[in-house]
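Topology and contacts: notes
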Amino acid sequence: MIADVLAEAGTRMDRAVEGAKEDFATIRTGRANPQLFQKIPVDYYGTPTPLAQLASLNNPEARTILVTPYDKSALKAIEQAIRDTPNIGANPTNDGNIIRVTLPELTEERRREFVKIVRAKGEDAKVHVRGIRRKSKDDLDALKSDIGEDELARAEKELDALTRAHVDAIDDALKRKETELLEI
């Protein structure tokens, strides 16, 4: 029973760390990265659809992304969605077949703003991991009558170590992203 609670907590915390890394990837650095555009919601026939499902994304140059829609009728909607996306600052151009997105050079001030955004996303991920820990601890406390206090204390120590490891993983990813953002 204890092993099940700890395994579930570990799995959920792993997903939280992966989610944080995906969030970090959506923040742009000096280079254009197709991951920036993967989750942009496009209004496709009245349904918000991620851009990655509507088009292929290529990176031919350091600051350019080519968006090739699978359905040419979605060109205008994709172009509008990219233009309306905050924190990218891109101005897409549409030639009737593809959309070329050239990202402007990042200023020092803009880089600092992105660092603040990344830190906020990192803190949200850590809060999520701690929430998982709290729920798992409640689950362990519910088992208190079935197991001894020594077993419960051991399980809580394991849970704390698991939480610490996942928070450290988020911190490491956050430091890498900050370094990447501040690198000129």
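Below or above, wherever it landed, is the structure these notes cover.

Calculation criteria
- Residues numbered from 1 in each chain as written.
- Predicted model: local features only at pLDDT ≥ 70, side-chain atom pairs only at ≥ 80, totals over all residues.
- Heavy atoms only, no water.
- Pairing = 2+ DSSP bridges.
- Helix = DSSP H or I, 4+ residues; strand = E, 2+ residues; numbered from the N terminus.
- Salt bridge = Lys/Arg side-chain N within 4 Å of Asp/Glu carboxyl O.
- 1 Å grid on protein atoms, 1.4 Å probe; cavity = no way out; pocket = protein on both sides within 12 Å on 5 of 7 lines; lining within 4 Å.
- Points joined across faces, edges and corners; volume = space filled by probe spheres on them.

**Points about the pairing of strand S1 (residues 41–44)**
Across four bridges, S1 lies against strand S2 (residues 47–50) in antiparallel orientation. Counterpart to tyrosine 44 in the pairing with S2 is threonine 47. Turn length for the S1-S2 hairpin, with the two strands adjacent in sequence and antiparallel, is two residues, and the turn residue tyrosine 45 shows positive phi of about 50°.

**Quick word on the pattern of salt bridges**
Tallying each qualifying case throughout the model produces 15 salt bridges. The shortest N-O distance in the salt bridge between arginine 130 and glutamate 123 comes to 3.5 Å. When salt bridges with common partners are traced through the structure, they connect Glu123, Lys126, Arg130 and Asp171 into a single cluster.

**Here we look at empty space enclosed by the protein**
With the rule as written, the count across this model stands at one cavity of 30 Å³ or more. In this structure, the largest cavity encloses a volume near 30 Å³. Lining the largest cavity we find Val5, Glu8, Ala9, Arg12, Lys135, Ser136 and Asp139.

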